[in-house]
Amino acid sequence: MRRVIASILLVILTFPLLYTAFADVSTEEKGAILVDLTHANRITINGVTSPNLDTSENSRIFDWTSWAEDLESQGYRVDLLTEEPITYEKLQNYTILVVGQPDVTSNGPAYFTDDEANAIKQFLENGGNLLLVGNQLVGGNSLMDYMGDYETVYYYPQIFNDLLSKLGVDDLRFAEGMVNGDPLDVMASDNSSTQLGGPKGNIWITEGKKDHPIWSGLDKFAYFHGCSLNVSGNATAIAWGDDSVYTSPKNGDYSPKVKPEGSHPVAIAEVKYGNGKILAFGCAADWQSSSPFGDVYTNENNKIKILTRNMINYLATGTAGGEAKVNIVVNVNSAIGISVSPSTVYINTTPGSSIEKVDAISVKNTGSATIDIYTKASGDLVGKISGYTIPISNLKFKGGDVDEYRAYSTEEQLLKSDLGSDQSFNVSLRLSVPSDAPSDEYSTTLIFIAKQGLILCGSEFFFFYFY
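Since this is a predicted model, take the numbers as computed values, not measurements.

*Asks:* Teacher, can you tell me more about the overall build of the protein chain here?
*Replies:* Helix and strand content of the protein chain: seven helices and 35 strands. Put simply, the protein chain has 467 residues, and 54% of those count as buried. For the protein chain, restricting intrachain contacts to residue pairs at least 6 apart in sequence, the fraction spanning at least 24 positions comes to 71%. Carbon and sulfur atoms make up 48% of the accessible area of the protein chain, which totals about 19,300 Å².

*Asks:* I'm lost on unusual backbone geometry in this one. Help?
*Replies:* For residues that are not glycine, phi is negative in most cases, and the peptide bond is trans in most cases. Cis geometry is found at the peptide bond from Glu 84 to Pro 85, where omega equals 0 degrees. On the secondary structure map, Pro 85 appears in the loop between strand S6 (76-81) and helix H3 (88-91). Pro 256 follows Ser 255 through a cis peptide bond whose omega is 0 degrees. Inspection of the secondary structure puts Pro 256 in the loop between strand S20 (245-248) and strand S21 (266-273). Positive phi, normally seen in glycine, also occurs at Asn 180, with a value near 55 degrees. Positive phi, normally seen in glycine, also occurs at Lys 303, with a value near 60 degrees. Structurally, Lys 303 can be placed in the loop between strand S22 (276-281) and helix H7 (304-317). For Lys 303, a relative accessible area of 26% translates into the label partly exposed.

*Asks:* Hey, could you run me through H7 in this one?
*Replies:* Two residues of an α-helix separated by three or four positions point the same way, owing to the 3.6 residues in each turn. For H7, with 14 residues, the first-to-last C-alpha span of 20 Å sits near the 20 Å given by 1.5 Å per residue. Where burial is concerned, most of H7 is hidden: eleven out of the 14 residues are buried. Looking only at H7, the buried set comprises Ile 304, Lys 305, Leu 307, Thr 308, Asn 310, Met 311, Ile 312, Asn 313, Tyr 314, Leu 315 and Ala 316.

*Asks:* Can you help me understand the packing of helix H2 (residues 65-73) against H7 in this one?
*Replies:* Between two packed helices, both the angle of their axes relative to each other and the distance between the axes serve to describe the pair. Where H2 meets H7, the axes come as close as 11 Å, and the angle between the chain directions of the two elements is 60 degrees. Classed by the angle they form, the pair H2 and H7 counts as oblique. The two elements H2 and H7 cross, and the hand of that crossing is right-handed. Each of Trp 67, Asp 70 and Leu 71 in H2 lies in contact with H7, whose residues at this interface are Lys 305, Thr 308, Arg 309 and Ile 312. For the contact of H2 with H7, a count of residues per class yields three nonpolar, one polar and three charged.

*Asks:* What's the story with the sheet that holds strand S3 (residues 43-45) in this structure? I'm lost.
*Replies:* Pairing between the strands of a sheet is mediated by backbone hydrogen bonds and can be parallel or antiparallel. As summarised here, the arrangement of the three strands in space is S4-S3-S5, forming an open sheet in which the pairing is mixed. Of all the strands in the sheet, just strand S4 (48-49) and strand S5 (62-63) have a single pairing partner and so form its edges. As paired elements, S3 and S5 share two bridges and run parallel to each other. Its bridge partner lying in S5, Ile 43 is registered against Phe 62.

*Asks:* Could you clarify how one ought to interpret helix H6 (residues 156-166) in this entry?
*Replies:* Among the residues of H6, those classed as buried are Tyr 156, Pro 157, Ile 159, Phe 160, Asn 161, Leu 163 and Leu 164. The elements touched by buried residues of H6 are strand S7 (96-100), strand S9 (108-109), helix H4 (114-125), strand S10 (129-133), strand S11 (172-174) and S22. Directly beyond the C-terminal end of H6, a positive phi value near 80 degrees is found at Gly 168.

*Asks:* Please explain the side chain of Asp 182 as it appears in this structure.
*Replies:* Along the chain, the position of Asp 182 falls in strand S13 (residues 182-183). Lacking a salt bridge, the buried Asp 182 has Lys 250 as its closest oppositely charged neighbour, with an N-O distance of 8.6 Å. A polar side-chain atom of Asp 182 sits 3.0 Å from a polar atom in the side chain of Asn 251. The residues touching Asp 182, leaving out its near neighbours within four places in the chain, are Gly 177, Pro 249, Lys 250 and Asn 251.

*Asks:* Looking at this structure, how should I read the side chain of His 212?
*Replies:* Checked against the element boundaries, His 212 lands in the loop between strand S16 (207-208) and strand S17 (221-224). For His 212, a relative accessible area of 7% corresponds to the buried category. Setting aside residues up to four positions removed in sequence, His 212 forms contacts with Ile 238, Glu 270 and Tyr 314.

*Asks:* I would appreciate a short explanation of the environment of Asn 331 in the present structure.
*Replies:* With respect to the element layout, Asn 331 can be found in strand S23 (residues 326-334). Assessed through its relative accessible area of 29%, Asn 331 is described here as partly exposed. Taking the C-alpha atoms as reference points, Asn 331 and Val 345, separated by 14 residues in sequence, lie 6.6 Å from one another.

*Asks:* Can you help me understand the nonpolar core in this one?
*Replies:* In globular proteins that are soluble, nonpolar side chains generally tend to be buried together. Membership of the largest hydrophobic core comes to 85 residues, with the highest contact counts inside it found for Trp 67 and Trp 287. Counting residues per element, this core draws most heavily on H7, which supplies seven residues. Those residues within four positions of Trp 67 in sequence are excluded, and the remaining contacts are Val 35, Ile 45, Val 78, Val 98, Trp 287, Ser 289, Tyr 297 and Thr 308. Formed by 13 residues, the second largest nonpolar core is a distinct cluster that contains Val 340, Val 345, Val 427 and Leu 446.

What counts, and where the lines are drawn
Residues numbered from 1 in each chain as written. Predicted model: local features only at pLDDT ≥ 70, side-chain atom pairs only at ≥ 80, totals over all residues. Heavy atoms only, no water. Helix = DSSP H or I, 4+ residues; strand = E, 2+ residues; numbered from the N terminus. Buried < 20%, exposed > 50% of the residue type's maximum accessible area, 1.4 Å probe, protein only. Contact = heavy atoms within 4.5 Å. Areas by Shrake-Rupley, 256 points an atom, 1.4 Å probe, with all protein chains shown as cover. Expected span 1.5 Å × (residues − 1). Axes fitted to C-alpha atoms, helices over the stretch in contact; angles between N-to-C directions. Parallel < 35°, antiparallel > 145°, perpendicular 65-115°, else oblique. Left-handed = near helix turned anticlockwise from the far one by under 90°. Nonpolar A, V, L, I, M, F, W, Y, C, P; charged D, E, K, R; others polar. Pairing = 2+ DSSP bridges. Lys, Arg positive; Asp, Glu negative; His and termini not counted. Salt bridge = Lys/Arg side-chain N within 4 Å of Asp/Glu carboxyl O. Polar contact = N/O pair within 3.5 Å; in protein donor to acceptor, adjacent residues only side chain to side chain. Core = buried A, V, L, I, M, F, W, Y, C linked by side-chain atoms within 4.5 Å.

Structure (structure tokens):
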């Protein structure tokens, strides 16, 4: 309990927009996940809900606490974003942004602004990953709530599709529309072997791109009144319904059929974007804890926990028993009188490849005196700053130094001289990873040092500030 309280106090003091969902982690942290709660999301985690969700006419909400607790137990950190807007500064230290079941504020659908879409675009281009999750039936706390939910219209398809349009993604969409006053769409089956039990909308997903890491250790997974995705062009379908699965508007009759049997409606799909990925999943109900049917997420028979761990591992590292990925964490320290942003840069790549983070770090003189800037840096990186090149050495793995991957000797080198007050420049990092490098996490640090000149009684004194 003390660790939870301490974590929350730290966040309040430094970043009031973030809450630590769970701090009692028994394994080494694999990556940081940020869950958006600023777009009227019908989600609660550990009692924290979306502050701008309009519940005046519909109080239904998914409890994702078990989902978050399980990912924490696997070594991930799960934080909750409760203060709008989304900015790149809020995203930059995270591996995955999760947006689940966005809906309506008192002013209508909670669309992403152009600035928020641009922040997410930068996040993706720099190696971040976006996970979009929606569901046509949120349900509630009782069977009567579930029955009444057939009359409810949710706005996540419009919100997600608008965001995808703003990101310039044309090949992936959540199915959207109405038929005879009922919203699209629910995946269902009349085949008893495909049905999970109960309504026709509770089905097994048994088909897909089985060599994809998301399918590792799985032959099927539960899908509770999930929606379908429209996939074309550069988007890739990962999981879909069998020959008996169709889609219908959300009503008690599951009629009329929109995507007929044999059309294989898609349940999970992805699009590669910049150095990151966008993953779409049509069953937010899979992650619910409390429901009239018990804890859906932790029920081992549903095989949702395996699926979810695979999805998160794939987004965080590119693997779930598949392709090897390397994660680079660059921490940046600066002297007094210098502003450096961001303080941490995450770079994901594969062994044997190169990746460049253009303008990944911005350095600005915030003091009144002219300064020279030096660097002491470590890591198997080459950075280009205003025509200069930084040799960076002493790359470290999570498990310690790996001598054969040290490319340069540590040194101090002038980067930019005579940087005036309020002037700035950008740092571009290019990383090349040996083809035989272990699939692991590297960490490195850039340290910017200011040499500041002050005039006092006609004499010039120089002060060096170090972190």
